[in-house]
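A closer look at the structure
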Amino acid sequence: MSTLTITTDAQAADATPLDPAPLDETPSVDAVAERIMSAALGWIDLMSIHVGSQLGWYRALAASGAQGLTADELAAVTASSPRYAREWLEQQAASGLLGVASDGSDESGAGESSTGDSGAEDHADEIGSGRRFRLDRATAEVLADGASLSFLEPLARMLAASGERMPEIIDAYRTGGGVSWERLGVHAREAQAEMNRPWFERMPGVLADVPGVHDVLSRPGARIADVGAGAGWSSIELAHAHPQLRVEGFDIDEPSVRLARENARAAGVADRVTFHLEDAARLADHGPFDAVFAFECLHDMPHPVTVLAAARAAVIPGGPVIVMDEATAEQFSPDADELERLLYGFSLFVCLPDGLSHPPSVGTGTVMRPSTLRSYAREAGWTDVEVVVPEFGLWRFYRLH
Ligand SMILES: C[S@@+](CC[C@H](N)C(=O)[O-])C[C@H]1O[C@@H](n2cnc3c(N)ncnc32)[C@H](O)[C@@H]1O
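If you're wondering where the values come from, they're calculated on a predicted model, not measured in any experiment.

Another aspect to go through is the overall build of the protein. A count of helices and strands for the protein gives 16 helices and nine strands. The C-alpha extent of the protein, read off along each of the three principal axes, is 80 × 60 × 40 Å. Burial analysis of the protein (401 residues in total) assigns 46% to the buried set. Looking at the protein alone, contacts between residues at least 24 apart form 69% of all its contacts between residues at least 6 apart.

Here it is in structure tokens:
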């Protein structure tokens, strides 16, 4: 029996001189190095955003208004460490995410002491302790306003969640296994929910323009299914927009179902919006439904064809079945745009490991192209897939016929 020795690229860098085949058009070494340096700065931005957001630092800075906060003040109002607060504030200002309101620093170290720590730390705390930092309105909206369509803090949280699971992700890449949504944990689940929530608030207005959908949702006694409902915001917003509608959400992730139930209760719609811990493949057991929706989840499902067939069996004749999924390009291209690069990123670190965590799985990944959906739909017995909303945030809406 042969034994396979695994060498990482970093280990091999010492031993094996690299001599890859030259391509016709290659970038310069400097250009590649610059690109990686700027990627490192991007990672630092995201992780520092994650840290600041977890500690409530952006909200505290937003609340302080134009006056801003010193490191000591920030630490005091958020019950955190002044020394870390100062380093973070300086890093955020150095990176252009925060402004410096005024510079009351005393670089000689004669400023106010901020902690009871002693020695070198104490000295370090004193330097620049009077400097005030503030958050501008635009940055506050992007990093701390959960109602804004530009709220992007969850992007940092989602990637931090993947970072926590990196050894498992790398192991999955070796074995073909997966890392489930449950394993990706609370940060991934909540980041997903909070990132999409403001979009779901606006979604009923967009769906109203899709022929036939508004009529079905407004019909007295209508009952619809929302598969892969996650934290339930899509179901809740549809119920808000249509006061007579009953919505049933389905998800296989227990913490998501619990969260969705809590969210429905808090939103005051729990009498009309219920959530089942159930595989979407079993949808027909709960039908018939007047309409079926799948919001940003089909590409995560290990058996999308079975789910689309279940939707066909569960919906009333002529009832809309709507899939909202990523607005991918029609086909793969090496010169992809930023959206496509972002989607591949989600696929590498979130959706493909999640999808492959429930074998047997087709392993779709985030970059589910229209042609892939069409082939799944045909296999599930549908005849056509129509794009009914080409662009809505990162997504598009398809209707199955
Ligand atoms: C990316 S999240 C999307 C959640 C929500 N629709 C949203 O847009 O925020 C995908 C969801 O699909 C769920 N899911 C995956 N496979 C499923 C299946 N076979 N049946 C039901 N839910 C499933 C996951 O547990 C997860 O909550």
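Now that the structure is up, let's keep going.
Our next topic: the layout of surface pockets. Here the largest pocket is characterised by a volume of approximately 990 Å³. Lining the largest pocket we find 29 residues, and of these Leu46, Leu159, Arg341, Leu342 and Gly345 sit closest to its centre. Among the secondary structure elements, those contributing two or more residues to the lining of the largest pocket are helix H2 (29-54), helix H8 (153-164), helix H10 (181-207) and helix H15 (338-355). Considering only residue class, the lining of the largest pocket consists of 19 nonpolar, six polar and four charged. Roughly 810 Å³ of volume is contained in the second largest pocket. Per-class residue counts for the lining of the second largest pocket are 25 nonpolar, 12 polar and 10 charged.

Of all hydrophobic cores here, the largest spans 35 residues; its most connected members are Leu207, Leu238, Phe293 and Phe397. Per element, the largest residue contribution to this core is five residues, and it comes from H10. If we skip the residues at most four places from it in the chain, Leu207 touches Val213, His214, Leu238, Phe293, Ile322 and Phe397. In terms of nonpolar packing, the next biggest core, distinct from the first, is built from 29 residues, Ala225, Met301, Leu308 and Ala311 among them.

What follows concerns unusual backbone geometry. A cis geometry characterises the amide bond from Gly287 onward to Pro288, with omega recorded as 0°. Examined against the element boundaries, Pro288 turns out to sit in the loop between strand E5 (273-277) and strand E6 (291-295). Cis geometry is adopted by the peptide bond preceding Pro360, which originates at Pro359 and carries an omega value of -5°. If you trace the backbone, Pro360 turns up in the loop between H15 and helix H16 (370-379). The phi dihedral of Ala79 falls on the positive side, at around 50°, and the residue is not glycine. Structurally, Ala79 can be placed in the loop between helix H4 (71-78) and helix H5 (82-94). On the basis of relative accessible area, Ala79 is assigned to the exposed category, the value being 76%.

With that settled, the discussion passes to the packing of aromatic side chains. Applying the stated rule across the entire model yields nine aromatic pairs. Ring centres of Trp57 and Trp88 lie 4.9 Å apart, and the angle between their planes is 55°; this geometry places the pair in the tilted category. Residue Trp57 is located in helix H3 (residues 57-64), and its partner Trp88 is located in helix H5; the two are separated by 31 residues in the primary sequence. With relative accessibility at 2%, the residue Trp57 sits in the buried group. Both rings, one in Tyr58 and one in Trp88, keep their centres 5.1 Å apart while their planes meet at 70°; by these two values the pair is edge-to-face. With Tyr58 in helix H3 and Trp88 in helix H5, this pair connects stretches of sequence that are 30 residues apart.

With that settled, consider the side chain of Ser357. Counting through the fold element by element, Ser357 comes out in the loop between H15 and H16. Dropping the residues within four chain positions of it, Ser357 is found in contact with Gly178, Val179 and Ser180.

Once that is clear, we can look at the sheet that holds strand E9 (residues 395-400). An order of E5-E4-E3-E6-E7-E9-E8 is seen for the seven strands of this open sheet, with the pairing classed as mixed. With one partner strand each, in any of the chains shown, E5 and strand E8 (385-392) form the two edges of the open sheet. Taken pair by pair, the neighbouring strands of this sheet meet at an average axis angle of 20°, ignoring direction. Bridge analysis of strand E4 (residues 246-251) against E5 gives five bridges, and the strand direction is parallel. Bridge pairing in E5 links Val247 to Val273.

Along the polypeptide, Arg157 turns up in helix H8. Take Arg157: its relative accessible area is 7%, and that puts it in the buried class. A polar contact of 2.7 Å, which involves the side chain of Arg157, links it to the side chain of Glu194. If near-sequence neighbours (up to four positions away) are discounted, Arg157 is found in contact with His50, Gln54, His187, Glu190, Ala191 and Glu194.

The subject of this paragraph is the pattern of salt bridges. Within this structure, the stated rule accounts for 16 salt bridges. A salt bridge links Glu87 to Arg83; its shortest N-O distance comes to 2.9 Å. With a gap of four residues between them, Glu87 and Arg83 both fall in helix H5, about one helical turn apart. The class of Glu87 is partly exposed, set by a relative accessible area of 42%. Classification of Arg83 as partly exposed rests on a relative accessible area of 25%.

A separate point is helix H12 (residues 233-241). Buried residues dominate H12, accounting for seven of its nine residues. Here H12 has its buried residues at Trp233, Ser234, Ser235, Ile236, Glu237, Leu238 and Ala239.

Moving on: the confidence of the model for the protein. Confidence in the prediction for the protein averages 92 pLDDT; 90% of positions are at 70 or higher. Across residues 105-121, where pLDDT falls below 50, the model places 26 contacts with residues more than four positions away in sequence or in other chains.

So, how was this worked out
- Residues numbered from 1 in each chain as written.
- Predicted model: local features only at pLDDT ≥ 70, side-chain atom pairs only at ≥ 80, totals over all residues.
- Heavy atoms only, no water.
- Helix = DSSP H or I, 4+ residues; strand = E, 2+ residues; numbered from the N terminus.
- Buried < 20%, exposed > 50% of the residue type's maximum accessible area, 1.4 Å probe, protein only.
- Contact = heavy atoms within 4.5 Å.
- 1 Å grid on protein atoms, 1.4 Å probe; cavity = no way out; pocket = protein on both sides within 12 Å on 5 of 7 lines; lining within 4 Å.
- Points joined across faces, edges and corners; volume = space filled by probe spheres on them.
- Nonpolar A, V, L, I, M, F, W, Y, C, P; charged D, E, K, R; others polar.
- Core = buried A, V, L, I, M, F, W, Y, C linked by side-chain atoms within 4.5 Å.
- Phe/Tyr/Trp six-rings, centres within 6.5 Å; stacked < 30°, edge-to-face > 60°.
- Pairing = 2+ DSSP bridges.
- Axes fitted to C-alpha atoms, helices over the stretch in contact; angles between N-to-C directions.
- Polar contact = N/O pair within 3.5 Å; in protein donor to acceptor, adjacent residues only side chain to side chain.
- Salt bridge = Lys/Arg side-chain N within 4 Å of Asp/Glu carboxyl O.
- pLDDT = per-residue confidence, 0-100.

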